[in-house]
Amino acid sequence: MLGIAAAVLFFIAFLINAADIGTSDVFSSTNVMLLGLTALALHLAGIGANRTGHTTTRRRPWSRS
């Protein structure tokens, strides 16, 4: 999920930079790009991963698989 957020932030930073939109210092293309890099780093670290929870299934004692 954070990988998708990073891609969206990179795209917004690209649009701000390519269109030469005058934004405040908080929403400059560099700051948005750094937010995207932070989200990407968190995604690669495994934070925010889509975990469904591990359910244990019972194996039959006579099955070999």
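Conventions used here
- Residues numbered from 1 in each chain as written.
- Predicted model: local features only at pLDDT ≥ 70, side-chain atom pairs only at ≥ 80, totals over all residues.
- Heavy atoms only, no water.
- Helix = DSSP H or I, 4+ residues; strand = E, 2+ residues; numbered from the N terminus.
- Buried < 20%, exposed > 50% of the residue type's maximum accessible area, 1.4 Å probe, protein only.
- Contact = heavy atoms within 4.5 Å.
- Areas by Shrake-Rupley, 256 points an atom, 1.4 Å probe, with all protein chains shown as cover.
- Patch = residues over 30% accessible without salt bridge, like charges linked within 9 Å, V, L, I, M, F, W, Y side chains within 5 Å.
- Salt bridge = Lys/Arg side-chain N within 4 Å of Asp/Glu carboxyl O.

This brings us to the overall build of the chain. What the chain contains, in helices and strands, is two helices and zero strands. Looking at the 65 residues of the chain, the share that counts as buried comes to 11%. By sequence separation, contacts in the chain at least 24 residues apart represent 53% of the contacts at least 6 residues apart. Accessible area for the chain stands at about 5700 Å²; split by element, carbon and sulfur atoms hold 63% of it.

Looking now at the environment of Ile12. Within the element layout of this structure, Ile12 appears in helix α1 (residues 2–18). Between the C-alpha atom of Ile12 and that of Met33, which follows or precedes it by 21 residues, the distance is 8.3 Å.

A surface patch of nonpolar side chains, about 420 Å² in accessible area, is lined by Met1, Ile4, Val8 and Ile12. Of the residues examined, Ile12 reaches a relative accessible area of 37% and is grouped as partly exposed.

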